[in-house]
Structure formats: C-alpha cells, structure tokens
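Coordinate inspection notes
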Amino acid sequence: MSSSRRVAVVTGANKGIGYAIVRGLCKQFDGDVILTARNEGNGQEAIKKLNGEGLKPMFHQLDLDDVGSIDRMKAFLQKTYTGLDILVNNAGIAFKMAAKEPFAQQAEVTVATNFWGTLNVCKGLFPLLKPHARVVNVSSMSSSSAAKKCSPEMRSKFLVPDLDVAKVEELMTKFVNSAKDGSYEKKGWCQSAYGCSKIGVTLLSFAQQKEFNKDSRADIVVNACCPGYVDTDMTSHKGKKTIDQGADTPLYLALLPPNTTSPKGNYVSDRKIKTWP
Ligand code: NDP
C-alpha cells in the first residue's frame with residue numbers, strides 16, 4: 001500500500017548545500033525527507049551523520065547522469081507514496097579554474113549533468129508532483145554573470161516571451177556544439193561552461209513554470225535560485241557562507257505556503273526575486 005504521507009526529495013545531498021537542505025527539511029517539513037546521492041556509501045554516511053543529530057531522513061540512490069537510476073527513483077516513489085510534494089534539484093558539478101580539460105569537454109560534461117541531468121530528473125519525477133508541490137532548481141549567480149557576458153543577440157534569445165522547454169534544450173545543444181567546433185564566442189556565448197550550464201537551469205525554471213500554469217494540478221510552483229557563495233568542496237571552501245546559510249533560500253522556496261503567487265517562476269537570491277540576468 002502506498003502512503004499518503006508527504007515526501008520531499010533532494011538531489012546531490014550527501015554533502016554541501018544539498019546535505020544542509022535535507023537537514024533543514026527534516027526540521028521544518030511535515031513529511032518524509034529523502035536524501036539522495038549518486039554514491040550509495042556516501043549517501044549512507046550522510047544519513048548516519050544526520051541520525052547522530054536525531055534526524056531521520058531516508059536514503060535513495062539517484063545519479064542525474066543515469067536514466068536507469070532516475071527510473072528506479074520514480075518507481076520507488078510510486079510504490080511508496082501517492083506522489084511527490086517537494087523536489088530540490090541541487091546536484092551539480094563545476095570544473096576547477098585550474099582544470100586542464102579542453103573547453104569543449106568541460107562544456108559537454110558540465111551541461112550533461114547540470115542541465116540535461118536536472119532536466120531528466122524533472123521529466124521523470126514531474127508526473128508524480130501533487131497539487132501544491134514545490135520545485136527548487138539550484139542555479140547560480142554565474143547564470144546571470146555568464147548571460148551578461150554573452151552577446152546582446154544571444155541574450156535576446158534567453159529573454160523571448162515564448163521561451164519553452166524545447167527552446168531551452170535547443171539553446172543548450174547549440175552551446176555544446178559550438179564549444180566543440182570552437183565557434184561558441186563567434187556565436188555569442190561566453191567562456192564559462194559552468195555559467196552557461198546554469199543559464200540553462202535558470203531558463204528551464206522559467207519555462208517549467210509556464211507549463212505548470214497550464215497544468216490541471218493546482219498551484220505547482222518552481223523557482224530557480226542562487227544559494228550564495230558557500231564554503232563547500234565545489235568552491236574549494238573559499239565561499240563565505242556556511243552550508244546552512246546556503247540552504248536558506250532553497251529551503252524558503254521548498255516550503256512556500258499553499259497558493260503562493262510570488263515568487264513563482266522567478267530567479268531568487270537571499271529570499272528576494274532578482275531581475276535576470
Ligand atoms: P558540492 O560539490 O559540495 O556538492 C555537489 C553535490 O552534487 C554532491 O553531493 C555531488 O555528489 C552531487 N552530484 C554531482 N553530480 C551528480 C550526479 N550526476 N548525480 C547525483 N549527484 C551528483 O557542491 P555545492 O554543495 O557547493 O553545490 C550544490 C549546488 O549549488 C550545485 O548545483 C551548485 O552548482 C550550486 N551552487 C553552489 C555555489 C557555492 O558557492 N557552493 C554557488 C552557486 C551555486 P558526489 O559527492 O558524488 O560528487
């Protein structure tokens with residue numbers, strides 16, 4: 001029998017900001033919290049640490065880059081719950097500044113996880129979202145700074161009023177193809193694989209809200225956010241915010257009350273809607 005208990009899923013939660021989002025949800029959300037990680041051992045370690053604080057998240061393996069893993073996550077949710085209430089798409093990667101891999105490779109790998117992986121999780125799990133569900137796509141201020149470095153012509157493509165998910169997919173495909181043939185700057189993109197992948201995540205969120213607005217399920221809200229500059233492995237611990245401070249805006253968005261009209265389909269930082277880019 002599936003349970004009608006409410007349930008939240010956080011991706012990439014074995015460490016960093018995702019881990020702190022799970023910690024916050026365990027304290028503030030009235031329902032089950034599922035900590036997911038691509039590596040089962042790392043995920044179970046994180047569960048043990050949280051158990052040590054008296055918190056009881058559950059674990060499920062989820063690798064954004066593996067559609068089989070996304071299918072298993074979906075099947076587990078379908079079997080165990082009647083739907084999904086909160087989805088926090090937090091998992092992401094970034095090459096270090098000193099990375100030696102060619103730009104084309106960095107672009108392909110980064111967009112594969114940050115954009116296509118996130119999109120595949122959404123495609124897999126969105127059918128399970130219940131009315132009043134909340135989706136948080138952890139993007140980055142880099143999406144904004146990268147967009148500002150792109151050509152005005154390219155930027156105007158990001159801002160077309162009829163931007164839909166298919167158009168965002170097309171933009172990301174074109175970015176990676178132009179990184180591979182070396183024409184990305186001529187085509188108007190900038191030289192930040194991470195920033196351009198997060199342009200995709202931010203634009204995806206805008207397009208997804210438009211779809212939810214037409215959905216028969218009421219009051220599904222998706223927002224993109226920046227957690228701020230956070231002390232994690234990704235930033236080589238140079239960020240000033242603690243992981244709990246970084247989790248604050250994603251948690252605020254995940255816990256928006258029923259029938260929220262704003263923020264809704266926005267880009268949010270420090271709990272405030274920001275003009276994008
Ligand atoms: P970390 O590197 O500390 O953690 C990233 C998490 O994502 C890890 O759990 C990692 O798993 C997981 N992950 C990576 N690839 C996959 C995958 N294919 N499938 C599932 N999980 C995966 O980073 P942060 O906590 O700093 O970053 C969290 C999010 O916040 C990211 O989306 C990042 O881009 C964003 N962000 C971070 C900022 C910061 O200052 N830290 C600033 C702006 C945005 P594993 O341990 O196995 O590698």
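Provided above is the structure to which this section pertains.
Residues numbered from 1 in each chain as written. Predicted model: local features only at pLDDT ≥ 70, side-chain atom pairs only at ≥ 80, totals over all residues. Heavy atoms only, no water.

In terms of helices and strands, the protein carries 9 helices and 8 strands. Taking 19 Å as the expected radius of gyration for a compact globule of 277 residues, we find that the protein reaches 18 Å, a close match to that expectation. Based on the C-alpha atoms only, the size of the protein along its principal axes is roughly 55 × 40 × 35 Å. Working note: accessible area of the protein is about 12500 Å², and carbon and sulfur atoms make up 52% of it. Taking the average location of the 37 positive side-chain charges in the protein and that of its 27 negative ones, the two points are 3 Å from each other. (Helix = DSSP H or I, 4+ residues; strand = E, 2+ residues; numbered from the N terminus. Rg over C-alpha atoms; globule rule 2.2 N^0.38 Å. Areas by Shrake-Rupley, 256 points an atom, 1.4 Å probe, with all protein chains shown as cover. Lys, Arg positive; Asp, Glu negative; His and termini not counted. Charge placed at Lys NZ, Arg CZ, Asp CG, Glu CD.)

A word on the site of the ligand. In the vicinity of the ligand there are 28 residues, among which Asn14, Asn90, Tyr194, Val230 and Thr232 approach most closely. Between Gly92 and the ligand, the recorded distance is 3.5 Å, taken from a backbone N or O atom to an oxygen atom. One of the backbone nitrogen or oxygen atoms of Val230 is found 2.7 Å away from an oxygen atom of the ligand. Here the ligand, which alone exposes 910 Å², has 94% of that area covered by the protein. (Near = heavy atom within 4 Å. Polar contact = N/O pair within 3.5 Å; in protein donor to acceptor, adjacent residues only side chain to side chain.)

Moving on: helix 2 (residues 40-52). Over its 13 residues, helix 2 extends 18 Å from the first C-alpha to the last, a length consistent with the 18 Å expected when each residue adds 1.5 Å. For helix 2, the set of buried residues is Gly43, Ala46, Ile47 and Leu50. Angularly, the buried residues of helix 2 cover 105 degrees about the axis, an arc narrow enough to put them on a single face. Facing away from the buried side of helix 2 by more than 90 degrees, the exposed set consists of Lys48, Lys49 and Gly52. Those residues of helix 2 hidden inside the fold are in contact with helix 1 (16-28), strand 2 (32-37) and strand 3 (58-61). Two to three positions downstream of the cap, the backbone nitrogen of Gly41 sits 3.0 Å from a side-chain oxygen, assigning the N-cap of helix 2 to Asn39. Gly54, located one to two residues past helix 2, shows a positive phi value of around 85 degrees. (Expected span 1.5 Å × (residues − 1). Buried < 20%, exposed > 50% of the residue type's maximum accessible area, 1.4 Å probe, protein only. Arc of directions from axis to C-beta. Contact = heavy atoms within 4.5 Å.)

Now for the environment of Leu255. As for its placement among the helices and strands, Leu255 is situated in the loop between helix 9 (243-254) and strand 7 (267-269). Spatially, the C-alpha atom of Leu255 lies 32 Å from that of Glu170, the residues being 85 residues apart in sequence. Not counting residues up to four positions away in its chain, the partners in contact with Leu255 are Leu25, Gln28, Phe29 and Ile86.

Here we have 8 strands laid out as an open sheet, ordered 3-2-1-4-5-6-7-8, and mixed in their pairing. The open sheet has two edge strands with one neighbour each: strand 3 and strand 8 (272-273). The sheet contact formed by strand 1 (residues 7-10) and strand 2 spans 4 bridges and is parallel. For Val7, the partnering residue across the bridge sits in strand 2 and is Asp32. Each of strand 4 (84-89), strand 5 (129-138), strand 6 (221-226) and strand 7 touches helix 9; the most contacted strand, strand 6, lies at about 175 degrees to it. (Pairing = 2+ DSSP bridges. Axes fitted to C-alpha atoms, helices over the stretch in contact; angles between N-to-C directions.)

Let's shift gears to the packing of aromatic side chains. Within this structure, the stated rule accounts for 9 aromatic pairs. Considering the side-chain rings of Phe115 and Trp116, the 4.9 Å spacing of their centres and the 75 degrees angle between planes classify their relative orientation as edge-to-face. The exposure class of Trp116 is partly exposed, given its relative accessible area of 27%. Stacked on the ring of Tyr19, the Lys or Arg Lys49 has its end atom at 4.7 Å from the ring centre. (Phe/Tyr/Trp six-rings, centres within 6.5 Å; stacked < 30°, edge-to-face > 60°. Lys NZ or Arg CZ within 6 Å of the ring centre and 35° of its normal.)

Before going further, it helps to examine the environment of Asp65. If you trace the backbone, Asp65 turns up in the loop between strand 3 and helix 3 (67-80). Overall, the relative accessible area of 45% leaves Asp65 in the partly exposed class. Not counting residues up to four positions away in its chain, the partners in contact with Asp65 are Ala112 and Thr113. For Asp65, the side chain forms a polar contact with the side chain of Thr113, separated by 2.9 Å.

Here the focus is the pattern of salt bridges. Following the criterion strictly, the structure yields 16 salt bridges and no others. One salt bridge in this structure joins Asp233 and Lys15, with 2.9 Å as the shortest N-O distance. Highlighted residues: Asp233 in the loop between strand 6 and helix 9 and Lys15 in the loop between strand 1 and helix 1, separated in sequence by 218 residues. Exposure remark for Lys15: the relative accessible area of 47% places this residue in the partly exposed category. Close ionic contact of Glu53 with Arg23 constitutes a salt bridge, the shortest N to O distance being 2.7 Å. With a gap of 30 residues between them, Glu53 in the loop between helix 2 and strand 3 and Arg23 in helix 1 connect regions that are remote in the sequence. Residue Glu53 is classed as partly exposed on the basis of its relative accessible area of 39%. (Salt bridge = Lys/Arg side-chain N within 4 Å of Asp/Glu carboxyl O.)

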